[in-house]
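Per-entry structural report
So you can see what is in the structure, the chains are spelled out below.
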Amino acid sequence: MSETTTQTYRVGVTDDDDVILHWAAITDTGHRRDNNQDAYLAEFPLFVVADGMGGHAGGEIASQSTIARLQEIVDGGTVATATIEKALELAVADIASHPDTTDEGTGTTLTGVFFDAAMDEPRWVSLNIGDSRVYLLRDERLVQVTTDHSVVQELISSGRLSPEEADGHPYSNVITRAVGASELTPPDYLGIEVLDGDRFVICSDGLTKELTDYGIQHFLREESDPAKAVDAMLAAALENGGRDNVTLIIVKVERTGGAVSADDAATAKINTIDESSSTPE
């Protein structure tokens, strides 16, 4: 029996077009950590994972403070790039003022997607700070939506390191952007069309340390139900070592009509801050 449950939410786009979202989330301390410094929020319209860092308690403080501030904007009914950044500014202040915050670079990654139905055509917006990741399975092809903010990724992008060499690199855990570690830098955003059959995987690096992209794709193909898929991926990550905290969310998309075709779909960077709400009327 699955340890988790799949949740469902229906969004009416037009009279003959609904988007039905199914999702499940899970987190585990892993085999080698004493505490879980990951946190997540999986509640329509926002699905995010935070992976904390900075001393024994610092990572928990950073990730939980960030998720708590994002929960507030979900509860308030307005999730947009502007409200997310305001929430992150408040989280940075919370982290800095917490009595248990250390000087060991306390901060957290943050990555995920939110559903934006404010315009005529709904869209997903991905957001990313750090090296947690968003993957998208579309037409049986898995792509990494986000780009890691890490020393290793910078070396790969500059051609000084191959992806194959990255796994064992001594700086593989060094990230270049985080929430709380320094002055806040806004997340990277990407707009993504809402297509029937899409599945997102949002995860901390505790998953990607233990599962290759091929492994993630394998479990998505084997298990169509998000709850069964997150359980299977977590079990595989723990079996492969469980060297870090493991957190993942899977979101599955159904669209009943009026969808953009995969051939016409394109993603686009979102460079400006907008006030659009992601919640439907």
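In short, a report on the structure. (Residues numbered from 1 in each chain as written. Predicted model: local features only at pLDDT ≥ 70, side-chain atom pairs only at ≥ 80, totals over all residues. Heavy atoms only, no water.)

Some points on the sheet that holds strand β2 (residues 17-28)
The strand order across the open sheet formed by six strands is β1-β2-β12-β11-β8-β9, and the pairing between neighbours is antiparallel. With one partner strand each, in any of the chains shown, β1 (7-14) and β9 (141-144) form the two edges of the open sheet. Sheet twist, expressed as the mean angle between neighbouring strand axes with direction ignored, is 20°. Of the strand pairs in this sheet, β1 and β2 are connected by seven bridges, and their pairing is antiparallel. Residue Thr14 lies in a different strand from β2, and its bridge partner there is Asp17. (Pairing = 2+ DSSP bridges. Helix = DSSP H or I, 4+ residues; strand = E, 2+ residues; numbered from the N terminus. Axes fitted to C-alpha atoms, helices over the stretch in contact; angles between N-to-C directions.)

Some details on helix α7 (residues 226-239)
Taking 1.5 Å per residue, 14 residues should reach 20 Å; α7 reaches 20 Å between its end C-alpha atoms and fits that length. α7 sits mainly inside the fold: 10 of its 14 residues count as buried. All of the buried residues in α7 are Pro226, Ala227, Ala229, Val230, Asp231, Met233, Leu234, Ala236, Ala237 and Leu238. The first or second residue beyond α7 is Gly241, which carries a positive phi of 145°. (Expected span 1.5 Å × (residues − 1). Buried < 20%, exposed > 50% of the residue type's maximum accessible area, 1.4 Å probe, protein only.)

A short note on the pattern of salt bridges
Under the counting rule described, the total for this entry stands at 14 salt bridges. Here Glu140 makes a salt bridge to Arg221, at a shortest N to O gap of 3.0 Å. You can see Glu140 sitting in the loop between β8 (133-138) and β9 and its partner Arg221 sitting in helix α6 (residues 213-222), a full 81 residues away along the chain. Of the residues examined, Glu140 reaches a relative accessible area of 45% and is grouped as partly exposed. For Arg221, a relative accessible area of 43% puts it in the partly exposed group. Asp244 serves as the salt-bridge partner of Lys209, at 3.0 Å between the closest nitrogen and oxygen. Here Lys209, found in the loop between α5 (205-208) and α6, pairs with Asp244, found in the loop between α7 and β12 (246-255); they are 35 residues apart in sequence, far enough to count as distant. Members of the salt-bridge network, linked through shared partners, are Arg33, Asp205, Lys209 and Asp244. (Salt bridge = Lys/Arg side-chain N within 4 Å of Asp/Glu carboxyl O.)

Some points on the side chain of Asp51
Tracing the backbone through its elements, the reader meets Asp51 in strand β4 (residues 46-53). One buried charged residue, Asp51, remains without a salt bridge, the closest side chain of opposite sign being Lys209 at 6.5 Å. (Lys, Arg positive; Asp, Glu negative; His and termini not counted.)

So, the environment of Thr146
Along the chain, Thr146 turns up in the loop between β9 and α3 (151-157). Residue Thr146 is classed as buried on the basis of its relative accessible area, which comes to 6%. Considering only alpha carbons, one finds Thr146 and Asp188, 42 residues apart in sequence, at a separation of 8.1 Å. Those residues in contact with Thr146 that sit more than four places away from it in its chain are Thr111, Leu127, Asn128, Ser132, Arg133 and Val134. Here the side chain of Thr146 touches Val134 through a polar contact of 3.1 Å, landing on its backbone nitrogen. (Contact = heavy atoms within 4.5 Å. Polar contact = N/O pair within 3.5 Å; in protein donor to acceptor, adjacent residues only side chain to side chain.)

Description of the packing of α6 against α7
Between α6 and α7, the shortest axis-to-axis distance is 9 Å and the interhelical angle comes to 145°. As for the relative orientation of α6 and α7, their crossing is right-handed in sense. On α7, the residues that touch Ile216, Phe219 and Leu220 of α6 are Ala229, Ala232, Met233 and Ala236. Of the residues assigned to the contact of α6 with α7, the class counts are seven nonpolar, no polar and no charged. (Left-handed = near helix turned anticlockwise from the far one by under 90°. Nonpolar A, V, L, I, M, F, W, Y, C, P; charged D, E, K, R; others polar.)

Honestly, that's just the spatial picture; any functional story needs more than this.
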